[in-house]
Amino acid sequence: MLKFIVITGGVLSGLGKGIAAASIGHLLSSRYKVIPIKCDGYLNVDPGTMNPTEHGEVFVLDDGGEVDMDFGHYERFLNITCKSKWNITMGKVFNEIREKERRGDYLGKTVQYVPHVTNLIKEKFFEIAKEEDAEIVLIEIGGTVGDMENELYLEAARQLKNDVGNDNVLYVHLTYVPIPFGANEQKSKPTQQSVHLLLQRGVQPNIIIGRCSEYLDDRIKEKIAQFCNIGKDAVITGLDVDDIYKIPIVFEQEGIVDIIGKNLNLEIPKDTSKWKSLVREKESAKDRVSIALCGKYTRLEDSYASVIEALNHCSANLGCKVDVKWVDTTDENKVEEQLKGVDGIIVPGGFGSRGAEGKIRAVRYARERNVPYLGLCFGLQLAVIEFARDVCGLENANSTEIDSKTAHPVVDILPEQKTVREKGGTMRLGAYTADVMEGSKVFYLYNSAKVSERHRHRYEVNPEYHKILEDKGLVFSGTSQNGKLVEFIELPSHDYFVATQAHPELKSKLEKPAPLFYGFVKACMK
Ligand code: GLN
């Protein structure tokens, strides 16, 4: 058995296609093996070379792939470990087409968008399905219908129907149903127009999800059904929610499971996962903590998506609402005042010098006042710099990433990175196992002496400074397996002062929050 579900978007970007796809996957994954594929239209090979404000957070997988942030939703909603191959980009597609052409694979032929590029895209769909023994392949096409850069994916998706037959492919289209001020009623026109664009491309949707601030009423469902050639029960509300984990619950209530089942001849059981009760617990949480997230990117939600989700997971499991307070560190003199009254401080991953001094100030604030601190990657490096300067007395200690001429390079480039010239996909990437010191806080939190987390960095704590840092009381509670690279640090004298060179937020799940976040939020609650 092999079924395909293709998810396209219309009207606007940012309607939550990734979450819609992940939610559908969630509902199907209790019975079936669901494999998600994301198709991106850009010519970058992967999003690793883009600024997070361009394309949201760069999500890193176990295998070291830097992929679209939607893979974060897929992993969190489907409880799977994704592979970088499942993120198809036009950069990858055209690379391959060029290689094949030079090799002579198309000898004698004119290499064309259709059929050569579309065939290559479809081959990838089938190849992944086969490799993974998938029962359902969920294909999310990036962008909105009508975008030039996604036309080839849409064409490939259209052709799928002929290749696998009517019963084996289902098209879902996500659109927007506005309620304009003054008119005060749900409007279907944008959806109609978007579906027309899709029909021009030969794709008839089977399900339409209308994103709306309220449940779609009967009248609008009928109207959309009539204009878009589908049954009324195949029009589903994509409700605005305060918590994305409610989306699968909304979809299920709206009957999406029955429609999918009917179209694809599948038996889909009701969702009985722990999920629903966790969502309820999160909603009814009585306690509240305020956590400062220190960074320089202003589009907070997307740039630090996984950090925010990891906090959400703790919220559900600890029965405590987490208010994330955005602290802009670009003006270092304005950091302390923004931190007043927060229950905990996070310095997440980051690059370059802008905002770095402000983040160091935030670390100092946390250390001196015993405010719980969690440092993630750059947040570990900056905590080491702060400790070197203010505790070890190493004046102007720094990372060579920030100040290449610093007198005390306590954070320096990894030896194997020194010869790296190309920027794309060359950091220390993916899952690495660390040895954790027994008896440390990190050991206690993971309940294990071996910990595997994902990485994305070029710098490390300079081994030449290990001794002086340790002598002054900084505990290296985890190192790489050869013992050389510092993976975890902590200050035992503090309630919670823990940092890691890794990105534990990437593997956090609603049912199983990342241990370092869990311990951190718990400390913030005290
Ligand atoms: N800029 C730092 C490095 O490359 C930290 C990277 C990060 O926080 N992901 O090592």
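Keep in mind that what you see is a predicted model, and the values were worked out from it rather than measured.

How each quantity is defined
- Along each chain, residue indices are assigned from 1 in the same order as the chain's sequence is written.
- Thresholds applied to this predicted model are a pLDDT of at least 70 for local features of residues and 80 or more for the giving and counting of side-chain atom pairs; totals over whole chains, interfaces and linings are not thresholded and use all residues.
- With hydrogens and water stripped out, all remaining heavy atoms of the structure feed into the side-chain values.
- Two strands are counted as paired when DSSP detects at least two bridges linking them.
- Counting from the N terminus, the helices are the DSSP runs of H or I reaching at least four residues and the strands are the DSSP runs of E reaching at least two.
- Axis geometry follows a simple rule: fit a line to the C-alpha atoms, using only the stretch in contact for helices, then measure angles between N-to-C directions, giving values from 0 to 180 degrees.
- When checking whether two residues touch, look at their non-hydrogen atoms; a contact exists if any pair is within 4.5 Å.
- Only protein chains enter the accessibility calculation, which uses a 1.4 Å probe. A residue is then buried if its area is under 20% of the maximum for its type, exposed if over 50%, and partly exposed in between.
- Residues adjacent in sequence count toward polar contacts only when both atoms are side-chain atoms; beyond that, a polar contact is any pair of N or O atoms within 3.5 Å, and within protein one must be able to donate a hydrogen and the other to accept it.
- The near set for a molecule or strand comprises every residue that places at least one heavy atom within 4 Å of it.
- Only the protein chains shown count as cover for residues, with accessible areas throughout obtained via the Shrake-Rupley method and a probe of 1.4 Å.
- Gly is placed with the polar residues, together with every amino acid not listed as nonpolar (Ala, Val, Leu, Ile, Met, Phe, Trp, Tyr, Cys and Pro) or charged (Asp, Glu, Lys and Arg).
- Stacked, tilted and edge-to-face are the three classes assigned to paired rings of Phe, Tyr and Trp, where Trp is represented by its six-membered ring and a pair needs centres within 6.5 Å; plane angles under 30 degrees give stacked, over 60 edge-to-face, the rest tilted.
- Only when the NZ of Lys or the CZ of Arg is both within 6 Å of the ring centre and within 35 degrees of the ring normal is a charge said to sit over the ring.
- Take the buried residues of types Ala, Val, Leu, Ile, Met, Phe, Trp, Tyr and Cys, join any two whose side-chain atoms come within 4.5 Å, and each joined set is a nonpolar core.
- Given the number of residues in a helix, its expected span is that number minus one, multiplied by 1.5 Å.
- A carboxyl oxygen of Asp or Glu within 4 Å of a side-chain nitrogen of Lys or Arg is what we treat as a salt bridge.
- The term disulfide is used for any two cysteine sulfur atoms that are within 2.5 Å.

Within a sheet, adjacent strands bond to each other through the backbone by hydrogen bonds, running parallel or antiparallel. Taken in spatial order, the nine strands line up as β11-β10-β12-β13-β21-β20-β19-β16-β17 in an open sheet, and their pairing is mixed. At either end of the open sheet lies a strand with only one pairing partner, and these are β11 (320–328) and β17 (450–457). Going across the sheet, the axis of each strand differs from the next one's by a mean of 25°, ignoring polarity. Relative to strand β21 (residues 497–500), strand β13 (residues 373–376) is paired through four bridges, and the arrangement is parallel. Following the sheet pairing, Tyr-373 is matched in β21 by Phe-497. Here helix α16 (residues 378–390) sits on the sheet in contact with β12 (344–347), β13, β17, β20 (486–490) and β21, set at roughly 115° to β13.

A word on the pairing of strand β10 (residues 287–295). Regular strands have side chains that alternate between both faces of the sheet. Among the nine residues in β10, seven count as buried, and that is most of the element. In the sheet, β10 pairs with β11 via nine bridges, with the strands oriented parallel. Its bridge partner lying in β11, Val-289 is registered against Val-322. By the bridge criterion, three bridges tie β10 to β12 in an arrangement that is parallel. The partner of Ile-291 across the bridge, within β12, is Gly-344.

Note that Lys-38 resides in strand β2 (residues 34–40). A relative accessible area of 5% means that Lys-38 is categorised as buried. A polar side-chain atom of Lys-38 sits 3.2 Å from a polar atom in the side chain of Asp-70. Residue contacts for Lys-38: discarding those within four places in its chain leaves Asp-68, Asp-70, Phe-71, Tyr-74, Trp-86, Asn-87, Ile-88, Glu-140 and Gly-142.

A few words now on the sheet that holds strand β7 (residues 169–176). If you walk across this open sheet you meet the seven strands as β5-β2-β6-β1-β7-β8-β9, and the pairing is parallel. Of all the strands in the sheet, the pair left with one neighbour each is β5 (87–89) and β9 (235–239). Taken pair by pair, the neighbouring strands of this sheet meet at an average axis angle of 20°, ignoring direction. Pairing between β7 and strand β8 (residues 207–212): five bridges, direction parallel. Bridging across to β8, Tyr-176 finds its partner in Arg-211. Across the sheet, helix α6 (residues 151–164) is in contact with β1 (3–9), β2, β5, β6 (136–141) and β7; its angle to β7 comes to roughly 145°. Sitting on the sheet, helix α7 (residues 189–200) is in contact with β1, β7 and β8, with an inclination near 140° to β7.

Close contacts around the ligand come from Gly-349, Gly-350, Phe-351, Cys-377, Phe-378, Gln-381, Glu-401, Arg-456, His-457, Arg-458, Tyr-459 and His-503, and that covers them all. One of the backbone nitrogen or oxygen atoms of Tyr-459 is found 2.8 Å away from an oxygen atom of the ligand. Here a nitrogen atom of the ligand and a side-chain polar atom of His-503 are 3.0 Å apart. In isolation the ligand exposes 300 Å². Once the protein is present, 98% of that is buried. Of the residues in the shell around the ligand, the class split is four nonpolar, five polar and three charged.

Next up on the list: the packing of aromatic side chains. Enumeration according to the criterion identifies 10 aromatic pairs in this entry. Between Tyr-446 and Phe-488, the ring centres sit 5.9 Å apart and the planes meet at 70°, which makes this aromatic pair edge-to-face. A residue pair is termed long-range when its members are at least 10 positions apart, and Tyr-446 in helix α17 (residues 441–446) and Phe-488 in strand β20 qualify at 42 residues. The pair Tyr-446 / Phe-488 is uniform in exposure class, with both members buried. Taken together, the ring pairs connect Phe-77, Tyr-245 and Trp-275 into an aromatic cluster. The ring centre of Tyr-432 lies 4.0 Å from the NZ or CZ of Arg-428, which sits over that ring.

Formed by 93 residues in total, the largest nonpolar core has its most connected members in Ile-5, Ile-24, Ile-139, Ile-209, Ile-256 and Ile-260. Setting aside chain neighbours within four positions, we find Ile-256 in contact with Ile-24, Leu-27, Ile-207, Ile-209, Ile-236 and Phe-251. Residues Ala-356, Val-363, Phe-387 and Tyr-459 belong to the second largest nonpolar core, which totals 41 residues.

Right, let's talk about helix α13 (residues 305–318) for a bit. For α13, built from 14 residues, the straight-helix expectation of 20 Å at 1.5 Å per residue is met to within 8% by its first-to-last C-alpha distance of 20 Å. Just downstream of α13 lies Gly-319, where phi reads positive at about 60°.

This part takes up the pattern of salt bridges. Counting across every chain of the model gives 38 salt bridges. As a salt-bridge pair, Asp-243 and Lys-282 come within 3.3 Å of each other at their nearest N and O atoms. Taken together, the residues Asp-243 in the loop between β9 and α9 (247–253) and Lys-282 in helix α11 (residues 275–283) connect sequence positions 39 residues apart. Residue Asp-243 shares its accessibility class with Lys-282, and that shared class is buried. Two residues, Asp-323 and Arg-288, come together in a salt bridge whose shortest N-O distance is 2.9 Å.

Now for the state of the cysteines. Taken as a whole, this structure holds zero disulfides when the rule is applied. Free cysteine: Cys-39, not disulfide-bonded; nearest cysteine sulfur from Cys-82 at 14 Å. You can call Cys-39 buried: its relative accessible area is 0%. Residue Cys-228 stays outside any disulfide, its sulfur separated by 15 Å from that of Cys-212, the closest cysteine.

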